[in-house]
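# Summary of the model geometry
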Amino acid sequence: MRLTALFTKTTKNVPADESSRNAQLLIQAGFVHKEMAGVYTYLPLGKRVLDNIIQIIREEMNSVGGNEISMTALQHKDVWEASGRWDDEVMDVWFKTKLANGTELGLAPTHEEPLTKLMKNYISSYKDLPVYPYQFQIKFRNELRSKSGLMRGREFWMKDLYSFSKDRAEHDAFYEKISEAYNRIYDRLGIGDITYKTFASGGSFSQYSHEFQTLSPVGEDKIYVHEGKRIAINEEVYTDEVLADLGVTKDELVEKTAVEAGNIFTLGTKFSDALDLTYTAEDGSLQKVFMGSYGIGPSRLMGLIAEHFADDRGLVWPANIAPAKVYLARLGDDEAVVRAADELYEELTNTGISVLYDDRDVRPGEKFADADLIGTPYRVVISAKTLANNTYEVKHRTTQEPEQVDKQTLIKKLGA
Ligand code: ATP
Ligand code: MG
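I will try to describe carefully the structure that is included in this document.

Parameters and conventions
Residues numbered from 1 in each chain as written. Chains lettered and ligands numbered in written order. Predicted model: local features only at pLDDT ≥ 70, side-chain atom pairs only at ≥ 80, totals over all residues. Heavy atoms only, no water. Near = heavy atom within 4 Å. Polar contact = N/O pair within 3.5 Å; in protein donor to acceptor, adjacent residues only side chain to side chain. Areas by Shrake-Rupley, 256 points an atom, 1.4 Å probe, with all protein chains shown as cover. Helix = DSSP H or I, 4+ residues; strand = E, 2+ residues; numbered from the N terminus. Nonpolar A, V, L, I, M, F, W, Y, C, P; charged D, E, K, R; others polar. Axes fitted to C-alpha atoms, helices over the stretch in contact; angles between N-to-C directions. Left-handed = near helix turned anticlockwise from the far one by under 90°. Contact = heavy atoms within 4.5 Å. Parallel < 35°, antiparallel > 145°, perpendicular 65-115°, else oblique. Patch = residues over 30% accessible without salt bridge, like charges linked within 9 Å, V, L, I, M, F, W, Y side chains within 5 Å. Salt bridge = Lys/Arg side-chain N within 4 Å of Asp/Glu carboxyl O. Lys, Arg positive; Asp, Glu negative; His and termini not counted. Charge placed at Lys NZ, Arg CZ, Asp CG, Glu CD.

The environment of ligand 1 is formed by 16 residues, the closest being R141, E143, R152, E260 and N263. Contacts to ligand 1 include R141, whose side-chain N or O atom sits 2.8 Å from an oxygen atom. G297 places a main-chain nitrogen or oxygen 3.1 Å from an oxygen atom of ligand 1. Coverage of ligand 1 by the protein amounts to 81% of the 580 Å² it exposes when considered alone. Contributions of two or more residues to the shell around ligand 1 are made by β8 (155-165), β13 (254-268) and β16 (290-296). Take the shell around ligand 1: its biggest share by element is four residues, from β13. Looking at side-chain class alone, the shell around ligand 1 contains six nonpolar, five polar and five charged residues.

What follows is the structure, encoded as structure tokens:
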């Protein structure tokens, strides 16, 4: 990517109408555009990061047998009436609309109902189970407050997977498997060390659900962390009874503020009862399908990660999700410098190293400031001076001091 070919622009001005740190930084660095509170457009750099997060989640969902689909946001009210969730008292975040003929529709805030109904066409026998459809989709929720930038959108990205199993035993085995996949996702995103599997309230079919809570001073949840066991307890179930059940004591727990980065939930037959999703078992009997739901928020994760790693100079992306690995700054427009920078850009790109090439005609100071603000893991500088020395200047985003290295060393370092 050449910067001159991206329409994105950085700005020194902190957006006045934005109070959240993640959104301020992402707007300043040209990753997102704010449409209104809780509603953000992803610009080229932001789209790259979001896609990188999504790809990691996709790989892990596929690794546990997920089948990717893409459902519609527009949903007929009937399917939601069947479960009782059309009522604004029951689901308080609805955005509702109407067809020209008056038919009521909702912009889906989640997809249990429509998917359960859809699966009636594909599940009839035990041979059709288990099955694990999932999607990446924009959800719409009329959240009361939306002051946390990308962490609480009114229109946001969600990965939602739903499991359809023959019985509880089959469900429980998958539940464990996907829980491990979630841990791998947070590790790959660079936040494994600050993310805890957290016991939270369950439903009629299970005592607990599990949230994956990431520590953050701007989080809205309070959790009690057990560092030794790498688990936490959400304050909503923080009782003596639960502590005893989990075999932990109060003095082993530390209270922390966190953001829910994902959750997994045993639904049981709640939705298969409401929408009559059944299958014929091996013994010929008619059974209800046993369900679970597994959510994770790619856009919330992007805001969370942006905010967590940022320093006073700007964003600092973990290598796995950075919009590019290297920011290549060409200083000046000396013909030899341009040629050397163009060559290095081609060479790195051909080696599979992603490069954001600052080929703009702006001052070095501006390029350095933008490299820091955008937050790629490495910055490489080519100037008349480095050319004269036959070296390249390279610096990691988190260190101050650049190194001068030869090309071979540079490529080795960046490729690692
Ligand atoms: P919260 O308690 O934070 O509102 P939730 O319990 O409503 O979350 P779910 O309905 O389980 O969340 O959604 C699954 C995942 O989607 C969450 O774990 C979170 O990562 C993400 N998510 C939920 N609401 C939002 C939102 N308003 N903006 C961005 N991401 C969200
Ligand atoms: Mg919510």
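What follows is about the packing of helix α2 (residues 44-63) against helix α8 (residues 298-309). With their axes 10 Å apart at the nearest point, α2 and α8 run at an angle of 115 degrees to one another. For the element pair α2 and α8, the recorded crossing hand is right-handed. For the pair formed by α2 and α8, the contact residues are G46, V49, L50, I53, I54 and I57 on the first element and P298, S299, L301 and M302 on the second.

Let us now look at the packing of helix α9 (residues 335-350) against helix α12 (residues 407-415). It is at 11 Å that the axes of α9 and α12 come closest, and there the two elements cross at 40 degrees. The pairing of α9 with α12 is recorded here as oblique in orientation. Judged by the twist between their axes, the crossing of α9 over α12 is right-handed. Contact residues: L344, E347 and L348 in α9; K407, L410, I411 and L414 in α12.

Taken together, the side chains of D167, D172, E176 and E180 make up a negatively charged region of the molecular surface. Tracing the backbone shows E180 in helix α5 (residues 168-188).

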